[in-house]
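Geometric and topological summary
Read off the chains here:
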Amino acid sequence: MLNTEPNIADPDGFYAALIALHRDLPPERSALVNARLILLLANHVGDAEVLRQALEAAREE
Amino acid sequence: MEMRLDYVRSPDQDAAAPVRHPVIVVGAGPVGLALAIDLAQHGVPVVLLDEDDTLATGSRAICFAKRTLEIFDRLGCGGPMVERGVQWHVGRVFFGETLAYQFDLLPEAGHHRPAFINLQQYHVEAFLLERARALPSIDLRWRNRVADVRPAAEGVSLTIETPDGRYDLACDHLIAADGSRSTVRRLMGLETHGESFRDRFLIADVRMTAPFPSERWFWFDPPFHRGQSVLLHRQADDVWRIDFQLGWDADPVAERAPERVIPRVRALLGPEAAFELVWCSVYTFSCQRMERFRHGRVYFAGDAAHGVSPFGARGANGGVQDAENLAWKLALVVQGRAPDALLDSYGAEREAAADENILASTRSTDFITPKNAASRAFRDAALTLARTHPFARRLVNSGRLSVPAVLERSPLNTPDADDFAGGPAPGAVCADAPVRVDGRPGWLLQAVGDNFVVLGFGAEAAAPGAALAEAWPVRAVLVVPPGAAVPGRRDLRVLEDADGRAWARYDAKPGTLYLVRPDQHVAARWRHVDPAAVGAALARAAGRTSC
């Protein structure tokens, strides 16, 4: 089951790190970094059902 | 509203030699006035200088946080401000056409003061001024501009410019609460350092009777102001603050013109809305601070010491906490009851607090104004996910609203040796709770007051008051369950825990004891009474020992 309740201890600190990751990167490099990040996190999650739910939630309007 | 404050010639201007005062405060804004009142209440006479003869022009700071109101309560003017202000605790965040989510800043009952009131800065200053005028030990001098500052090891001398010409003054301690363009800072050749943001914002204050509730509404990319953000707040007197993000390329002079402002307001309110434009201003901001807030006998407080973005209401609220932090320390030192070293802790504590406010407001600004395509994508992702997924609401940042700093690294704290699962840790400000005093309803913070206090829970915690009072003016306050038997001692103030909230908020057990500073921050706490430990913590909190 995909957990969409708050689960990050310091959300502002995490968000700041995420933005810092992209500082000074050209757009195509940013897109690549994001894609790599998604693949790393997806592998960590592993569970096929959770990944399917996440893919679905990401596409929802 | 404009209030004239008359220049009156002071006898100091006719003195043969410069008159020396214990404390001079420069700047009669919210921070300088709060500091002067606090010092006067602690028994220290103050000369308060201001270059102007009016209160703030325009609404300026409008959001006053719960902690600030508790401080104003202690200063004797919180009540009328809360009555006059607009109370609020709910914020709504919109993205495009729809609501992304809403939040509640004070979801639980049992607090005397609301999460926030919105009240124009000139009203706040007027209430503070009324209180200051009632205190004979405050000597207010309008149209007294600092023309020169000469700091020295043994004191500070000043040259003051008035409508009658110049005169000299001297003091033991000088406090610069003279705003972001501090004259004292400039005259001393000191600087602030930090980050400036390449963005411009328009404030439009409009008077209208509108159907909006008393809430904070924040729009990202709304249909009436595409590509930018807008913030709406209700103030007193049916005045509404609308804050439009304009972008860096906006012309700050042209955007202030009513013919440019009115269509923007109309786009938000609709073509039928009737409103009157009261005040507008175009501003930019920086997040910055001085490296040190104490320079010998000169102390910087409020905007003179630090600047933040307006998102989070951390400017004036942070400044009033500076004032409260400095007042009691200065009073003890001036009265010879604490060593000069105590004043170093003002810098250590408030520089750390400024860093916290700067970090929070910088992060809000980075979220509101993305600096590149990737940060914009993350912002929009968080905003769209927030509609259905609770985790994303924690990532959306339209301002992290002012909460009192936890002075966790303060040299005045005695770290916990006993186990606590909750309650205010050393450095944190005391929590309020409903209590009964002599059978009548009251509030815990009002009973704590502005001295060093040992705050005990249960009759088991009644011991140390009298023993300590001989060595140090500490008051003992005891919180007991309703109807509990207590020792009938005159030196003990007994509060009944009206509905169990006080014990819960302090993670109290019978015998739990908190040592509280005059600014209502916790210095130390224990599970059992140990007079020697309390005495040591008290000496440390008063700067009399260092560990």
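Note that the structure is a prediction, hence the values are computed from the model and not measured.

Cut-offs used in this document
Residues numbered from 1 in each chain as written. Chains lettered and ligands numbered in written order. Predicted model: local features only at pLDDT ≥ 70, side-chain atom pairs only at ≥ 80, totals over all residues. Helix = DSSP H or I, 4+ residues; strand = E, 2+ residues; numbered from the N terminus. Rg over C-alpha atoms; globule rule 2.2 N^0.38 Å. Buried ≥ 20, exposed ≤ 12 C-beta atoms within 10 Å, placed from the backbone. Contact = placed C-beta atoms within 7 Å. Nonpolar A, V, L, I, M, F, W, Y, C, P; charged D, E, K, R; others polar. Pairing = 2+ DSSP bridges. Right-handed = clockwise from strand over helix to strand, strands pointing away. pLDDT = per-residue confidence, 0-100. Axes fitted to C-alpha atoms, helices over the stretch in contact; angles between N-to-C directions. Parallel < 35°, antiparallel > 145°, perpendicular 65-115°, else oblique. Left-handed = near helix turned anticlockwise from the far one by under 90°. Core = buried A, V, L, I, M, F, W, Y, C linked by C-beta atoms within 7 Å.

1. Considering the overall build of chain A
Of regular secondary structure, chain A possesses three helices and zero strands. Along chain A, helices (α) and strands (β) appear in the sequence α-α-α when read from the amino end. Over its C-alpha atoms chain A spans a radius of gyration of 13 Å, topping by over 25% the 10 Å that the globule rule assigns to 61 residues. With respect to the three principal axes, the spread of C-alpha positions in chain A is 35 × 25 × 25 Å. Classification of the 61 residues of chain A by burial places 3% in the buried group.

2. Some points on the overall build of chain B
In terms of helices and strands, chain B carries 14 helices and 28 strands. At 24 Å, chain B has a C-alpha radius of gyration in line with the 24 Å of a compact globule built from 547 residues. Taking the principal axes of the C-alpha coordinates as reference, chain B spans close to 70 × 65 × 40 Å. Sorting the 547 residues of chain B into buried and exposed places 49% on the buried side.

3. Concerning the interface of chain B and chain A
Counting from both sides, the interface comprises 14 residues of chain B and, opposite them, 15 residues of chain A. Looking at the side of chain B that touches chain A, the elements that each hand over two or more residues are α8 (341-368), α9 (373-386) and α10 (390-393) of chain B. Classifying every residue of the side of chain B that touches chain A by side-chain character gives six nonpolar, four polar and four charged.

4. Overview of helix α2 (residues 66-74) of chain B
Residue and element names in this part refer to chain B. Most of α2 sits out of view: eight of its nine residues are buried. Buried residues of α2: K66, R67, T68, L69, E70, I71, F72 and R74, and no others. In the core, the buried residues of α2 are packed alongside α1 (30-41), β3 (63-65), α3 (78-84), β7 (116-118), α7 (315-334) and α11 (444-448). The first or second residue beyond α2 is G76, which carries a positive phi of 85°.

5. Let's talk about the sheet that holds strand β21 (residues 306-307) of chain B
Residue and element names in this part refer to chain B. Strand order across the open sheet formed by three strands is β12-β18-β21, with antiparallel pairing between neighbours. Whereas interior strands pair on both sides, the edge strands pair on one side only; in this sheet they are β12 (192-196) and β21. Across five bridges, the pairing between β12 and strand β18 (residues 286-290) is antiparallel. Bridge pairing in β18 links H193 to R289.

6. Section: the pairing of strand β1 (residues 19-26) of chain B
All names here are of chain B. Here seven bridges tie β1 to strand β11 (residues 165-176), and the two strands are oriented parallel to one another. Bridge assignment links V25 to a residue of β11, and that residue is I175. In this fold, β1 hands off to α1, which returns the chain to strand β2 (residues 46-49); that crossover is right-handed.

7. Description of the confidence of the model for chain B
Looking at chain B as a whole, the pLDDT averages 94, with 97% of positions reaching at least 70. Listed scores for the predicted complex are pTM 0.95 and ipTM 0.96.

8. Some words on the packing of α2(B) against α7(B)
All names here are of chain B. For the pair α2 and α7, the least separation of the axes is 9 Å and the interaxial angle reads 40°. As summarised for this structure, α2 and α7 are arranged oblique, according to the angle between their axes. Crossing geometry of α2 relative to α7 is assigned as left-handed. Between α2 and α7, the residues in contact are R67, T68 and I71 and N317, V320, Q321 and E324, respectively. The residue makeup of the contact of α2 with α7, split by class, is two nonpolar, three polar and two charged.

9. Details of unusual backbone geometry
The backbone of B:R143 shows a phi angle near 50°, a positive value even though the residue is not glycine. Among the structural elements, B:R143 can be located in the loop between β8 (138-141) and β9 (145-152).

10. Concerning the nonpolar core
Residue and element names in this part refer to chain B. Residues L35, A36, I175 and A301 are the most contacted members of the largest nonpolar core, which totals 128 residues. The greatest single-element share of this core, amounting to ten residues, is contributed by α7. Non-local contacts of A301, meaning those with residues more than four positions away in its chain, are made with V31, L35, I175, A177, G319, D322, A323 and L326. Formed by 32 residues, the second largest nonpolar core is a distinct cluster that contains A100, L268, A382 and A386.

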